[in-house]
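Close look at the chain arrangement
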Amino acid sequence: MNKDIISGKWDQVKGKAQAKWGDLTDDDFDTAEGNAEYLSGRLQERYGWARERADREVHDFSQTLN
């Protein structure tokens with residue numbers, strides 16, 4: 001997963017991430033500040049996904065940012 005892509009463009013893509021993962025709160029996104037690992041952890045907690053799925057979701061999302 002390319003963490004730099006998410007972190008570097010966080011302000012620009014935060015809205016897209018909120019639209020994709022609506023169960024995450026504004027506080028979740030503000031705390032994440034583009035940190036892919038934190039975001040993955042929050043997805044696991046909110047959606048009950050396994051780590052692999054949450055990591056894949058974040059990775060797939062980051063690929064749409066290129």
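Residues numbered from 1 in each chain as written. Predicted model: local features only at pLDDT ≥ 70, side-chain atom pairs only at ≥ 80, totals over all residues. Heavy atoms only, no water.

Topic: the overall build of the protein
We count it as follows: Strands are runs of DSSP state E lasting at least two residues, helices are runs of H or I lasting at least four, and both sets are numbered from the N terminus onward. Taken over C-alpha atoms, the radius of gyration is set against a globule rule of 2.2 Å times the number of residues to the power 0.38. For the exposure calls, accessible area comes from a 1.4 Å probe over protein chains only, and a residue counts as buried if that area is under 20% of its type's maximum, exposed if over 50%, partly exposed in between. Any pair of residues with heavy atoms lying within 4.5 Å of one another is described as a contacting pair. Counting rule for charge: Lys and Arg are taken as positive, Asp and Glu as negative, and neither His nor the chain ends is counted. Where a charge lies is defined by one atom per residue type: Lys uses NZ, Arg uses CZ, Asp uses CG and Glu uses CD.
When you go through the protein residue by residue, the secondary structure sums to 5 helices and 0 strands. In sequence order, the secondary structure elements of the protein are arranged as α-α-α-α-α. Relative to the 2.2 N^0.38 estimate, which gives 11 Å for 66 residues, the radius of gyration of the protein is 10 Å and therefore close to what a compact globule would have. By principal-axis analysis of the C-alpha atoms, the protein measures approximately 25 × 25 × 15 Å. A buried classification covers 35% of the 66 residues belonging to the protein. Sequence-distant contacts in the protein: of pairs separated by 6 or more residues, those separated by 24 or more amount to 48%. In the protein, 10 positive and 14 negative side-chain charges are present, and the distance between their average locations comes to 4 Å.

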